[in-house]
Amino acid sequence: MLKLKPKNIILLLLYAIPNTVLSFGIIYIINNVLAGNESFLKDYMAIVFLSFIGYTYLLNIIFQKGLNKYAFNLLYRNEKNLFDQILKAPLGIIEKYGTQRFYTAMEDLRVFSNLPYTVTHTISSLLMLILGIVYMFTLSTISAGIVLALILMVAVCYFIVMNSMSKQVSTLRKFNEYYYKYVDDLIMGFKELKLSAVKRQNIMKKFLEPNRDKSEKLDFKINYVFLSINMISQYGLYAVIAAVLFGLPALGFLQREDVIAYVVVILFISGPINNLVNLQQVYTRFMVANKRIKTFMKDFQNDDQEVVALNNKDHQFLSIEFKNMGFEYGNDVENSFELGPIDLSIRKGEVIFIVGGNGSGKSTFINVLTGLYKPSTGNVIINNDANLTIKDDLQDSMTSIFTNNHIFSNNYDDYTVENNSEYKKLLETMQLDNVVTDDKEESARRKFSKGQSKRMSMIFALLEKKPILILDEWAADQDPHFRKYFYEDLIPRLREEGKTIIAVTHDDAYFHCADRIIKFDYGKIVKDVSVIDNREELAENLWA
Ligand SMILES: Nc1ncnc2c1ncn2[C@@H]1O[C@H](COP(=O)(O)OP(=O)(O)OP(=O)(O)O)[C@@H](O)[C@H]1O
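Source: prediction; values computed, not measured. (Residues numbered from 1 in each chain as written. Predicted model: local features only at pLDDT ≥ 70, side-chain atom pairs only at ≥ 80, totals over all residues. Heavy atoms only, no water.)

(A) Molecular detail of the UniProt feature "transmembrane region" (unreviewed entry) in the protein. The sites that carry the UniProt feature "transmembrane region" (unreviewed entry) are, in the present numbering, residues 12-31, 43-63, 115-136, 142-161 and 259-277. Within residues 12-31, the helical portion is 100% and the strand portion 0%, while the C-alpha atoms at the span's ends are 28 Å from each other. Strand forms 0% of residues 43-63 and helix 95%; the C-alpha atoms that close the span are 31 Å apart. (UniProt positions renumbered as here; feature names shortened; annotations may be inferred. Helix = DSSP H or I, 4+ residues; strand = E, 2+ residues; numbered from the N terminus.)

The structure is reproduced here in structure tokens:
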């Protein structure tokens, strides 16, 4: 996340050391002027004093600009990395952890982007503190030792309290993760919630309110502790000043003339001390954010090498063969679903319907076929070449429309719909030409009915010109007229064009439109029927 390079450390020191020396110069002049030191009462000292102030101001302006640039770069670079990490993550990981992890990771990144400021403040404050204490030692060793011991006592208290807060900050984050889940449900299930008073009541009273109430209490507690610590730092400082004003001179440890110098130094270093105290709570948040970002990165790590170049640009597809292939969901739920073992081969140009009861494994198989899930056992051979893999050599030859199709808000493909005659023809083919009347991108991505959106997805899929078309219950949302047209006109036309079509379907009235019907049951292929040879079996109902 944040790697301090030697160059950064040098820049930081180039700022922090002169800044501390100049700031200390300012106290030194104040002290000597207050003590009536002759050589500091000369006229030119005013110019020296103002120059010191001017230099520190300039130094801070220049450094803060650079620091800001660095911090924003860190934040935005990491936002891009996070997006990229999710893009590369396997589907199983996204399904396992859910989207809310992404949002909390974004929040953590925002926290983390303050780290450069914090590091700078810490170093400057520490240097100021050290210099102030050294100055006190030059005046009186015993008094400086006592003041230092008092400051250390307060610091130890901070550390103890802060460390005890780290767990609570982490729990607060967990509450927020759940909160985002409810927000997800609220947005995704808005219509269901609007219809059901019970659901509305329950999500509010049983889930959201308890979560927010507990969160509020914890948030308050954490902030109250942080606030109290700040107060202790402020009032503790008054106690140290009281010791300097009354205790140390009375005990004979500090000369009266040095008392002013001590008080000025303590007041001057009170800023850096407060900074350090405040930084403690920020560091606690950093530690939590850092741990969570690391866990996020680990959870979303992708061991597979990303396909940098598309190996199969010419989209050659001849066959795919599954040999003894098995897949198992990698979660620890008991009786988790097992697909396979599957022995199956699919050849170029075939139209295959995948059928089977609910939960029989059709969509799971589609996810393996498209390379979204990696088989746990067995082999997959592409184009009779054992060196080829789905992910590297076949994925880019496939286009798929999943059950919950998504129309992207932008065109992420290489084609454009504007001035595209093929697009216009496809609008007519899919009977959408009365709905989408121009060739603008935004018109193609407007709000559609479910059936229309599936047709639009089909247009986008066909414009990709991939040899393999995979459909998961595509026709389920189509009206009877269009469904018939899809099975009896469109599929034969696509077959003629040489496309390989693999479609999950429950439409038994159109089973005759396929070349092969593959039936799944409990994760296994129980029938693999050639339509031409087995019209009778089809008539007897494949569901039997
Ligand atoms: N991400 C997942 N993690 C664990 N189990 C899953 C996951 N997705 C699906 N399953 C389980 O795998 C089994 C097969 O599901 P799948 O979605 O492949 O069935 P399907 O044949 O497509 O059903 P349908 O006709 O209802 O769409 C089911 O028992 C389901 O509970």
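(B) A look at the pattern of salt bridges. Within this structure, the stated rule accounts for 19 salt bridges. Its salt-bridge partner being Asp477, residue Lys454 comes within 2.9 Å of it at the nearest N-O pair. Linking Lys454 in helix α14 (residues 450-463) with Asp477 in the loop between β6 (468-472) and α15 (480-496), this pair joins segments that are 23 residues apart in sequence. A relative accessible area of 1% places Lys454 in the buried class. Note that Asp515 is salt-bridged to Arg495, the shortest N-O span being 3.1 Å. Here the residue Asp515 occupies a position in the loop between β7 (500-504) and β8 (516-521), and Arg495 occupies one in helix α15, the gap between them amounting to 20 residues. The class for Asp515 is partly exposed, based on a relative accessible area of 22%. (Salt bridge = Lys/Arg side-chain N within 4 Å of Asp/Glu carboxyl O. Buried < 20%, exposed > 50% of the residue type's maximum accessible area, 1.4 Å probe, protein only.)

(C) Structural detail: the packing of aromatic side chains. Across all of its chains, the model carries 23 aromatic pairs by this definition. Look at Phe327 and Tyr329: their rings are 5.2 Å apart centre to centre, the planes differ by 80°, and that puts the pair in the edge-to-face class. The exposure class of Phe327 is buried, given its relative accessible area of 9%. Measuring from ring centre to ring centre gives 4.6 Å for Trp474 and Phe486, while their planes differ by 40°; the resulting arrangement is tilted. (Phe/Tyr/Trp six-rings, centres within 6.5 Å; stacked < 30°, edge-to-face > 60°.)

(D) Highlighting a nonpolar patch on the surface. Together, Ile9, Leu13, Ile17 and Val21 give the surface a local cluster of nonpolar side chains, amounting to about 320 Å² of exposed area. For Ile17, the location among the structural elements is in helix α1 (residues 6-34). (Patch = residues over 30% accessible without salt bridge, like charges linked within 9 Å, V, L, I, M, F, W, Y side chains within 5 Å. Areas by Shrake-Rupley, 256 points an atom, 1.4 Å probe, with all protein chains shown as cover.)

(E) Structural view of the site of the ligand. Near the ligand lie 15 residues; those nearest to it are Gly359, Gly361, Lys362, Ser363 and Thr364. Within the side chain of Asn358, a nitrogen or oxygen atom sits 3.0 Å from an oxygen atom of the ligand. Gly359 places a polar main-chain atom, nitrogen or oxygen, 2.8 Å from an oxygen atom of the ligand. In isolation the ligand offers 640 Å² of accessible surface; the protein chains occlude 64% of this area. (Near = heavy atom within 4 Å. Polar contact = N/O pair within 3.5 Å; in protein donor to acceptor, adjacent residues only side chain to side chain.)

(F) The side chain of Ser319, seen in detail. Relative to the elements of secondary structure, Ser319 occurs in strand β1 (residues 319-328). We classify Ser319 as buried; its relative accessible area is 13%. Not counting residues within four places of it along the chain, the set of residues in contact with Ser319 comprises Ile346, Arg347, Ile381, Ile382, Asn383 and Asn384. (Contact = heavy atoms within 4.5 Å.)

(G) Highlighting the packing of helix α5 (residues 115-139) against helix α6 (residues 141-188). Where α5 contacts α6, the two axes come as close as 6 Å, and the packing angle between them is 145°. Packed against α5, whose contacting residues are Ile133, Met136, Phe137 and Leu139, the element α6 presents Thr141, Ala144, Gly145, Val147 and Leu148 at the interface. Residues belonging to the contact of α5 with α6 are distributed by class as follows: seven nonpolar, two polar and no charged. (Axes fitted to C-alpha atoms, helices over the stretch in contact; angles between N-to-C directions. Nonpolar A, V, L, I, M, F, W, Y, C, P; charged D, E, K, R; others polar.)

(H) Region of interest: the packing of α6 against helix α8 (residues 197-250). Relative to each other, α6 and α8 sit at 170°, their axes nearing to 9 Å. By the angle between their axes, α6 is roughly antiparallel relative to α8. A class-by-class count of the residues in the contact of α6 with α8 yields 26 nonpolar, seven polar and five charged. (Parallel < 35°, antiparallel > 145°, perpendicular 65-115°, else oblique.)

(I) Quick peek at the domain arrangement of the protein. Segmenting the protein into domains produces domain 1 (6-299) and domain 2 (319-539). Using only C-alpha atoms to locate each centre, domain 1 and domain 2 end up separated by 54 Å. (Domains from an automatic or database assignment.)

(J) Structural view of the sheet that holds β1. Strands sit in the order β2-β1-β4 across an open sheet of three strands; the sheet is antiparallel. Edge positions in the sheet fall to β2 (338-347) and β4 (377-382), since each has one partner strand and no second. Taken over all neighbouring pairs, the strand axes of this sheet differ in orientation by 10° on average, direction set aside. In terms of strand pairing, β1 meets β4 through five bridges, oriented antiparallel. Residue Gly326 lies in a different strand from β4, and its bridge partner there is Thr377. Strands in contact with helix α10 (residues 362-369) are β1 and β2; relative to β1, the strand with the most contacts, it is inclined by about 120°. (Pairing = 2+ DSSP bridges.)

(K) Region of the structure containing a positive patch on the surface. On the surface, Lys5, Lys7, Arg77 and Lys80 cluster together into a positively charged patch. Inspection of the secondary structure puts Arg77 in helix α2 (residues 44-88). On the basis of relative accessibility, which here comes to 37%, the residue Arg77 falls in the partly exposed class. (Lys, Arg positive; Asp, Glu negative; His and termini not counted. Charge placed at Lys NZ, Arg CZ, Asp CG, Glu CD.)

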